[in-house]
Each structure stands twice: as structure tokens, then as C-alpha cells.
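Here's the letter readout for the chains.
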Amino acid sequence: QVQLQESGPRLVKPPETLSLTCSVSGGSINNYRWTWIRQPPGKGLEWIGYIYFTGSTNYNPSLQSRVTISVDTSKNQFSLKLTSVTAADTAIYYCARVGQLVEFDPWGQGTLVTVSS
Amino acid sequence: QSALTQPASVSGSPGQSITISCTGTSNDVGGYNFVSWYQQHPGEAPKLIIYDVSARPSGVSTRFSGSRSDNTASLTISGLQAEDEADYYCCSYTSSSTWLFGGGTTLTVL
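Quick caveat, the model's predicted, so the values are computed rather than measured. (Residues numbered from 1 in each chain as written. Chains lettered and ligands numbered in written order. Predicted model: local features only at pLDDT ≥ 70, side-chain atom pairs only at ≥ 80, totals over all residues. Heavy atoms only, no water.)

*Asks:* Mind laying out the interface of chain A and chain B, listing which residues take part and the relevant values?
*Replies:* Taken together, the 23 residues of chain A in the interface contact 19 residues of chain B. Both faces combined, the contact of chain A with chain B buries some 1700 Å², and carbon together with sulfur accounts for 69% of it. Counting every contact that joins chain A to chain B gives zero salt bridges. Across the chain A-chain B interface, the total number found is seven residue pairs in polar contact (both at pLDDT 80 or more). By residue class, the composition of the side of chain A that touches chain B is twelve nonpolar, six polar and five charged. (Contact = heavy atoms within 4.5 Å. Buried area = accessible area lost by both parts, 1.4 Å probe. Salt bridge = Lys/Arg side-chain N within 4 Å of Asp/Glu carboxyl O. Polar contact = N/O pair within 3.5 Å; in protein donor to acceptor, adjacent residues only side chain to side chain. Nonpolar A, V, L, I, M, F, W, Y, C, P; charged D, E, K, R; others polar.)

*Asks:* With reference to specific residues and values, describe the state of the cysteines.
*Replies:* The tally for this structure, following the rule as stated, stands at two disulfides over all chains. Residue pairing for Cys-22 of chain A: its cysteine sulfur links by disulfide to Cys-95 of chain A, the two sulfurs lying 2.1 Å apart. With the S-S dihedral at roughly 65°, the linkage between Cys-22 of chain A and Cys-95 of chain A falls on the right-handed side. Residue Cys-22 of chain A is located in strand 3 (residues 18-25), and its partner Cys-95 of chain A is located in strand 9 (residues 91-98); the two are separated by 73 residues in the primary sequence. The pair formed by Cys-22 of chain A and Cys-95 of chain A is uniform in burial state, with each residue classed as buried. With a sulfur-sulfur separation of 2.0 Å, Cys-22 of chain B is cross-linked through a disulfide to Cys-90 of chain B. The sign of the 75° torsion about the S-S bond sets the Cys-22 of chain B-Cys-90 of chain B disulfide as right-handed. (Disulfide = S-S within 2.5 Å. Helix = DSSP H or I, 4+ residues; strand = E, 2+ residues; numbered from the N terminus. Buried < 20%, exposed > 50% of the residue type's maximum accessible area, 1.4 Å probe, protein only.)

*Asks:* I'd love a proper account of the sheet that holds strand 3 of chain A, names of residues and values included.
*Replies:* The pairing of strands in a sheet comes from backbone hydrogen bonds and takes either a parallel or an antiparallel form. All names here are of chain A. Spatial strand order, 1-3-8-7: four strands in an open sheet with antiparallel pairing. Both outer strands of the open sheet, strand 1 (3-7) and strand 7 (67-72), are each paired with one neighbouring strand and no more. Mean inter-strand twist for the sheet, computed between neighbouring axes without regard to direction, equals 20°. As defined by bridge partners, strand 7 adjoins strand 8 (residues 77-82) across six bridges and the pair is classed as antiparallel. (Pairing = 2+ DSSP bridges. Axes fitted to C-alpha atoms, helices over the stretch in contact; angles between N-to-C directions.)

*Asks:* For the sheet that holds strand 5 (residues 64-69) of chain B, give the residues involved together with the corresponding values.
*Replies:* Residues and elements named next belong to chain B. With respect to topology, three strands assemble into an open sheet ordered 2-6-5, the strand pairing being antiparallel. In this open sheet, the two edge strands, each paired with only one partner strand, are strand 2 (18-23) and strand 5. Pairwise comparison of adjacent strand axes, ignoring direction, gives a mean angle of 20° for this sheet. Note that strand 2 and strand 6 (residues 72-77) share six bridges and pair antiparallel. Looking at the pairing, Ser-21 lines up with Ser-74 of strand 6.

Pasting the structure below:
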């Protein structure tokens, strides 16, 4: 079965760039959309954006100016970059697969990224 | 884009049924069948429990059911069990090809 694993720095200084990678195992990254979702500590879920295996993307309008999602099909990975981070970007970042009926399943275990100087 | 509206908390006793509402607009909840629900226990990643408004993934208990009327989707949990105590989030695809989550509902089993 497909499994996802987030990786990347856990501490980022403002106003640097947050970079995370999601590695997909147990299945191909092809023929699906893949997404990033975040959750500030103690708060709700926020959709960040998605990428299709072909490279087409769409982002949350509130983050669009700072977000880039890319895909590397040869490595079965996709990545998130969020620029000019502030403390408000401190959150657990999850990657997930977008199913045929646009549901999010499965999810990675999530990784807490803290933005602090 | 504003988050979908969910009650902050609901509660029920073991064996009872509860319903969590999720209100959006005709540009999201009311416009597509692409409404999903996620269960999140403390310290864990969210888990898909309902998709396509009312479909259940394999392995999810039949005690979980989903429905929709106009711009409001609902999640019903019947025969409440202690293990159902968790946060629940609705999510909808939108006319902008984006997704919106609800603010989340904390379920307490009394």
C-alpha cells in the first residue's frame, strides 16, 4: 500500500524559506495529484496546494505568492517551498495523495516545522 | 476563501448518535459531490472516514455516515464508542479547483 513520508528541516529562521519533501513508497507518483496540508499547533487544517504528476499546480490563494510545489517523478517525490516565513507558518506539515474523487488518502505522518530566530 | 463552518464541539454518551454539520456555499459544499470527512486523534495524522459526500473507505465502520442538503453536509456517528472521541474535519472541493476545510469539531464521548 502507498505510504508517504515528509522530510526536511524542523527549524527555519524568519524570513527564510521552508523546504519539505514528501517521499512516496509502495506505488507510483504517476497518474495522481499530490497535496500539502498544514496544521498550526492546536488549530485546524489548512490546504496549501497540489501538484499533478505532470507538473501542473494550484495553490491556496492566501499562500499563492509564497508557495511553490514541484514534483520529481524519477525519485517518486514531490516538494514544498514556502518563502518569507514568519512565526505564523509554524505548523505540522502533511503531504497526502489526492484520490480519484478528490479525497485526501493516504496521509504522511506529518512533520512539525517551527519558525523562530 | 473562508473556512467551512462546523460547530466547535459536540458530545454524546456511549451508544447514542451525534451529527456534525458543515456549512459552505454553492461554490463548494453545495456545488459538488466532493465532500470528505477526516477523523484526527491527538498526535496522529488525519484519517479519511467519508468521501464523495457519503462513501466509506474500506475498513471504516458502518457507524459513520455522511449526507448533504443544499450547502450543508453532515457526518453522523451512531452507536458512539469511546474510541470515537477525536477531532473531525469536513473538506470540500471548490469552484476554483482548490479545497476548503472546516474549522474542526471536537467530539467528546461522555
